[in-house]
Amino acid sequence: MVKLAYIYKQLNNRDFKVLLVLEKYLTKYEYVPVEIIEKEARLPPQHLALSLSKLSKLKLIQRRLGSLTGYRITYLGYDCLAIRSLVQRGVLAALGDRMGVGKESDVYVGLTPTEEKVIVKFLRIGRTSFRQTRRVRSWAEGKPEYGWLMQSRVAAEREYKALELLYKVKAKVPKPYGRSRHVVVTSYVEGVELYRYDNPRNPHHMLKTILDTLRKAYLDVGIVHGDLSEYNVLVVISDEGLEDPYIIDWPQYVYREDPQSEYLLKRDVEYIVKFFKRKYRLEVDLERALRYVRGEVDEPF
Ligand SMILES: Nc1ncnc2c1ncn2[C@@H]1O[C@H](COP(=O)(O)OP(=O)(O)OP(=O)(O)O)[C@@H](O)[C@H]1O
Ligand SMILES: [Mg+2]
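Values in this document were obtained by computation on a predicted structure and should not be read as measured data.

Engineer: Quick rundown of the overall build of the protein chain? Include the residues and the values.
Structural biologist: A count of helical and extended segments in the protein chain gives 9 helices and 13 strands. Its C-alpha atoms give the protein chain principal-axis dimensions of roughly 70 × 45 × 30 Å. Across the protein chain, every contact between residues at least 6 apart in sequence was considered, and the portion connecting residues at least 24 apart equals 62%.

Put into structure tokens, the structure is as follows:
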């Protein structure tokens, strides 16, 4: 795999002009006709040709063969536009290695201009078929004209918005730093995924903290995560040895008013309660935990 940062560094202003035109017409044309690129990018024809050929080789754009020549931007091209915007706005200073490939994202580490370690999450809707995920994506239903890039962008907007609201009410989630297009930058949570956290000191405290986050999301923000699992919880160990679980991965949240919210809330709580039972032998009453999250009782167990 060629490194994203390496590709990004090869691009000049001319290349970005072309990418921006392709982005602008993303929803209008499947492949943007060359005449439109010419007109909008305002580049001398030789320069444009050079750029188009370079961008094609780097796989940032894709050419349609046939009578009508046109180009479209790829995920990689869209990535480079997002990185540029984040760099220009002072959100991101450096992009490091890819640390994970999720079902619907690529996750990189990065640095801010003040050298804070961050997570740079590139949403990749469409990589997995809908059927393989348990996510509900009601906001995308009935919008087949939305290509995968646009859907990824909407997913990133959603995730960023959720994190902003959750962070404001001091829920244990990554701190949002910035977003561009389909890319979300958040604080790096120095922790271990719950599924591989084997010998907890205090599973009660851990489960309560997770339920507290769900409760804040539900009561203070008015949303339900909708895809909670041991893969979307990172356990941070504080200097005092306390275990602090953070809930990540929010793009599929639904509002409390959504007809599916009760079903999803129950599924989230049940899933995590069962996980604690199976993995840590912690027995709690599911119904009570659910009532706690809904704010109907003051203690979860
Ligand atoms: N803020 C963060 N701090 C540290 N690691 C993170 C952070 N966000 C994501 N990760 C890592 O990247 C992985 C994937 O992130 P996330 O769950 O948000 O994306 P995803 O596309 O839903 O992945 P999957 O489909 O595998 O759940 C996480 O399981 C975690 O290991
Ligand atoms: Mg995940």
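Engineer: Describe the site of ligand 1, naming the residues involved and giving the relevant values.
Structural biologist: Around ligand 1, the structure places 18 residues, and the nearest of them are Gly-102, Lys-103, Ser-105, Val-189 and Asp-249. Among the secondary structure elements, those contributing two or more residues to the shell around ligand 1 are β5 (105–111) and β6 (117–123). Across the shell around ligand 1, the residue classes tally to 8 nonpolar, 5 polar and 5 charged. Both domains that furnish three or more residues to the shell around ligand 1 are identified here as domain 2 (91–187) and domain 3 (192–293).

Engineer: Quick one: what's the story with the sheet that holds strand β12 (residues 243–247), residue by residue and with numbers?
Structural biologist: Strand order in the open sheet formed by 3 strands is β9-β11-β12, and the pairing between neighbours is antiparallel. Here the strands that pair on one side only, and so sit at the sheet edges, are β9 (192–193) and β12. When β9 meets strand β11 (residues 233–237), the two strands line up antiparallel, connected through 2 bridges. The residue bridging Glu-193 from the neighbouring strand is Leu-234, located in β11. Each of β11 and β12 touches helix α7 (residues 203–221); the most contacted strand, β12, lies at about 30° to it.

Engineer: An account of the domain arrangement of the protein chain is requested, with residue identities and associated values reported.
Structural biologist: What the domain assignment reports for the protein chain is domain 1 (4–73), domain 2 (91–187) and domain 3 (192–293). The interface of domain 1 with domain 2 comprises 4 residues on the first partner and 4 residues on the second. In terms of residue class, the side of domain 1 that touches domain 2 is made up of 3 nonpolar, 1 polar and no charged.

Engineer: Describe helix α9 (residues 286–293), listing the residues and the values that go with them.
Structural biologist: Among all positions in α9, only Ala-289, Leu-290, Tyr-292 and Val-293 are buried. Buried residues in α9, looked at end-on, bunch into an arc of 155°, giving them a common side. The inward-facing, buried residues of α9 contact α7 and α8 (261–280). Within two residues after α9, Gly-295 carries a phi angle of roughly 80°, on the positive side.

Engineer: Could you give me a rundown of the pairing of β5, with the residues and numbers involved?
Structural biologist: Sheet topology note: the strand β4 (residues 94–101)/β5 ladder contains 5 bridges and is antiparallel. Paired with Val-101 across the two strands is Asp-106, which belongs to β5. Hairpin connection of β4 to β5: 3 residues between the antiparallel strands. Two strands pair when backbone bridges link them, and β5 and β6 are joined in this way by 7 bridges, in the antiparallel orientation. The residue bridging Gly-110 from the neighbouring strand is Val-118, located in β6. A loop of 5 residues connects β5 with β6, the two strands running antiparallel in sequence, and Glu-115 in this loop sits at a positive phi of about 65°.

Engineer: Any chance you could break down unusual backbone geometry for me, citing the residues and the numbers?
Structural biologist: Phi at Arg-181 is positive, roughly 50°, even though this residue is not glycine. By secondary structure assignment, the location of Arg-181 is in the loop between β7 (176–180) and β8 (183–187).

Engineer: Could you give me a rundown of the environment of Glu-157, with the residues and numbers involved?
Structural biologist: Take Glu-157: it is sitting in helix α6 (residues 148–168). Note on Glu-157: 16 C-beta atoms within 10 Å, which makes it partly exposed. Residues Glu-157 and Arg-291, spaced 134 residues apart in sequence, show a C-alpha to C-alpha distance of 30 Å.

Engineer: Can you explain the sheet that holds strand β2 (residues 61–64)? Please cite residues and give values.
Structural biologist: The sheet built from 3 strands is open, its strands ordered β1-β3-β2 with antiparallel pairing. The sheet is open, and its two edges are formed by β1 (32–33) and β2, each paired on a single side. In the sheet, β2 pairs with strand β3 (residues 70–73) via 4 bridges, with the strands oriented antiparallel. When the sheet's bridge partners are listed, Gln-62 is paired in β3 with Arg-72.

The rules behind each value
Residues numbered from 1 in each chain as written. Chains lettered and ligands numbered in written order. Predicted model: local features only at pLDDT ≥ 70, side-chain atom pairs only at ≥ 80, totals over all residues. Helix = DSSP H or I, 4+ residues; strand = E, 2+ residues; numbered from the N terminus. Contact = placed C-beta atoms within 7 Å. Near = placed C-beta within 6 Å. Nonpolar A, V, L, I, M, F, W, Y, C, P; charged D, E, K, R; others polar. Domains from an automatic or database assignment. Pairing = 2+ DSSP bridges. Axes fitted to C-alpha atoms, helices over the stretch in contact; angles between N-to-C directions. Buried ≥ 20, exposed ≤ 12 C-beta atoms within 10 Å, placed from the backbone. Arc of directions from axis to C-beta.

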